[in-house]
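Residues per chain are reported as follows:
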Amino acid sequence: MAVAGSQNSGVIVASAAVYKDPCRLVSLQVANTSGGLPATVEVYDSATGASGKLVAVMLIPPLDCREYDLHGAKMLNGVWLEIIGDVGTVKTSVCFA
């Protein structure tokens, strides 16, 4: 889904606040460069941590890339990205508007 004026977080490799205000969640691109372990990426409607409304959960197999279209989901509090996997092997980019 293309959204006029959407922004990109750049590559995120650890759990972090992506955006700290209300927005629309457009898409996520996730790569797991680990050769042996799957990774999990969780997206929360929160600006402060892995709490609040859980919006999406993605399981990424080893050595795989995925893109998820979130259709402009309304985030009331911000976007928190929780990355669960080998440190530095999960690379995520978030598009929001």
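Overview of the structure. All chains use their own residue numbering, which begins from 1 and follows the written sequence. Since the coordinates come from a predicted model, pLDDT governs what is reported: local features require at least 70, and pairs of side-chain atoms require 80 or more to be given and counted, while whole-chain, interface and lining totals use all residues. Side-chain calculation: all heavy atoms of the structure are included, whereas hydrogens and water are not.

**What about the overall build of the protein chain?**
Every helix listed is a DSSP run of H or I at least four residues long, and every strand listed is a run of E at least two residues long, numbered separately from the N terminus. The helix and strand inventory of the protein chain stands at zero helices and eight strands. Its helices and strands in sequence order give the protein chain the pattern β-β-β-β-β-β-β-β, from N to C terminus. Computation of the radius of gyration draws on C-alpha atoms, with the globule rule given as 2.2 Å multiplied by the number of residues to the power 0.38. Taken over the C-alpha trace, the protein chain has a radius of gyration of 12 Å; the compact-globule value for 97 residues is 13 Å, and the two agree within 12%. With respect to the three principal axes, the spread of C-alpha positions in the protein chain is 35 × 25 × 20 Å. By the burial criterion, 40% of the 97 residues in the protein chain qualify as buried. Working rule for contacts: check all heavy atoms of both residues, and any pair within 4.5 Å makes them a contact. Of the contacts formed within the protein chain by residues at least 6 apart in sequence, a portion of 78% connects residues at least 24 apart. Where accessible areas are quoted, they stem from the Shrake-Rupley method and a 1.4 Å probe; at the residue level, only the protein chains shown are allowed to cover. Carbon together with sulfur atoms contributes 57% to the accessible area of the protein chain, which is approximately 4,900 Å² in total. When charges are counted, neither His nor the chain ends are considered; positive counts come from Lys and Arg and negative counts from Asp and Glu. By convention, charge coordinates are those of NZ in Lys, CZ in Arg, CG in Asp, or CD in Glu. One finds the centroid of the 6 positive side-chain charges in the protein chain at a distance of 6 Å from the centroid of its 8 negative side-chain charges. Throughout, exposure labels follow a simple rule: accessible area from a 1.4 Å probe, protein chains only, divided by the maximum for the residue type, with under 20% read as buried, over 50% as exposed, and the rest as partly exposed.

**Overview of the sheet that holds strand S7 (residues 79-84)**
The strands making up a sheet are joined through hydrogen bonds of the backbone, oriented either antiparallel or parallel. Being paired, for any two strands, means DSSP has found at least two bridges between them. Pairing within the open sheet is antiparallel, and its four strands lie in the order S2-S7-S4-S5. In the strand order of this sheet, the two ends are held by strand S2 (16-19) and strand S5 (53-60), each with one partner. Neighbour to neighbour, the strand axes of the sheet diverge by 25° on average, direction disregarded. One ladder, built from five bridges, connects strand S4 (residues 39-45) with S7; its direction is antiparallel. Paired with Tyr44 across the two strands is Trp80, which belongs to S7. Between the N-to-C directions of two axes lies an angle of 0 to 180 degrees, each axis being a line fitted to C-alpha atoms and, for a helix, fitted only over the stretch in contact.

**Looking at the sheet that holds strand S8 (residues 90-96)**
The antiparallel open sheet is built from four strands, whose spatial order is S1-S8-S3-S6. Each of the sheet's edge strands pairs with one partner strand only, and the pair in question is strand S1 (7-8) and strand S6 (64-75).

**Some remarks on the packing of aromatic side chains**
Between 30 and 60 degrees the pair is tilted, below 30 it is stacked and above 60 it is edge-to-face, where a pair is any two Phe, Tyr or Trp rings, Trp via its six-membered ring, whose centres lie within 6.5 Å. Scanning the entire structure with this criterion turns up one aromatic pair. Between Tyr19 and Phe96, the aromatic rings sit 4.7 Å apart at their centres with planes inclined by 40°, giving tilted as the arrangement. Within this pair, whereas Tyr19 is found in strand S2, its partner Phe96 is found in strand S8, the two being separated by 77 residues in sequence. Looking at Tyr19, the relative accessible area reads 25%, which means it is partly exposed.

Interpretation in functional terms is not warranted from these geometric data alone.
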